[in-house]
Every structure is written in structure tokens, then in C-alpha cells.
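Single-letter residue listing:
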Amino acid sequence: MIERASRRNRSAIQSGLVDLRMGGFELLPQLGEMFDKVFSVNVLQFLAERTPVLRTIRSVLKPDGVLATTVQPRHLGATAA
């Protein structure tokens, strides 16, 4: 996934607009940085405890930072809609 994202965002990465990193939420504080944006895709619904993860994200977001997340329902009867 990181390889595909790197290819698709090559020019933004080269210009310094995008910095892709691989790892789990638990690694965010170890990076020693504050972030403008944190984006996750189909992660939160698989966590047994979301609150600690959301607190971790909040701790590394700049004051006006944004968390964007998506979830795809996986329950019985879920549809693409």
C-alpha cells in the first residue's frame, strides 16, 4: 500500500507537501512531530478500544489539525452503499 501511495503522490512527496509513513497509531508520539492532518482508512472499526487511539491522535495534532477517517461496514448484510 505504501508503494502505491508513494507512486500516486510522487510529485507531492518530492515537493515536500506529503510525507508518507508506515506504522501503527502507537508510533505517532515517537515521531516527535505535530501533524496538520492524520488520515486513516478502514482502521478504527477493527480496534477493540478506540478511545486511547483517538487520544493518541489528538495528542499529535496541531491546534487546528484534522483527523479524517473512513470505515467500511463489514457486518452481515452490509452493501457497497
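Note: the structure precedes this text.
The structure contained in this document is the topic of the report that follows. Remember, it's a predicted structure, so these values are computed and weren't measured experimentally.

Parameters and conventions
- Residues numbered from 1 in each chain as written.
- Predicted model: local features only at pLDDT ≥ 70, side-chain atom pairs only at ≥ 80, totals over all residues.
- Heavy atoms only, no water.
- 1 Å grid on protein atoms, 1.4 Å probe; cavity = no way out; pocket = protein on both sides within 12 Å on 5 of 7 lines; lining within 4 Å.
- Points joined across faces, edges and corners; volume = space filled by probe spheres on them.
- Helix = DSSP H or I, 4+ residues; strand = E, 2+ residues; numbered from the N terminus.
- Nonpolar A, V, L, I, M, F, W, Y, C, P; charged D, E, K, R; others polar.
- Polar contact = N/O pair within 3.5 Å; in protein donor to acceptor, adjacent residues only side chain to side chain.

Topic: the layout of surface pockets
Roughly 1,200 Å³ of volume is contained in the largest pocket. Lining of the largest pocket is provided by 28 residues; of these, Asp19, Leu20, Arg21, Phe39 and Ser40 occupy positions nearest its centre. Those elements giving two or more residues to the lining of the largest pocket turn out to be helix H1 (2-8), strand S1 (35-41) and strand S2 (61-70). When residues of the lining of the largest pocket are assigned to their parent elements, the largest contribution, seven residues, is made by S1. Here the lining of the largest pocket is composed, by residue class, of 19 nonpolar, four polar and five charged.

Here we look at the environment of Pro73
Among the structural elements, Pro73 can be located in the segment after S2. For the pair Pro73 and Thr56, spaced 17 residues apart in sequence, the C-alpha to C-alpha distance is 24 Å.

Things to note about the side chain of Ser40
Within the secondary structure, Ser40 is located in strand S1. In terms of polar contacts, Ser40 uses its side chain to reach the side chain of Thr69, at 2.7 Å.

Read these as geometric descriptors, not functional statements.
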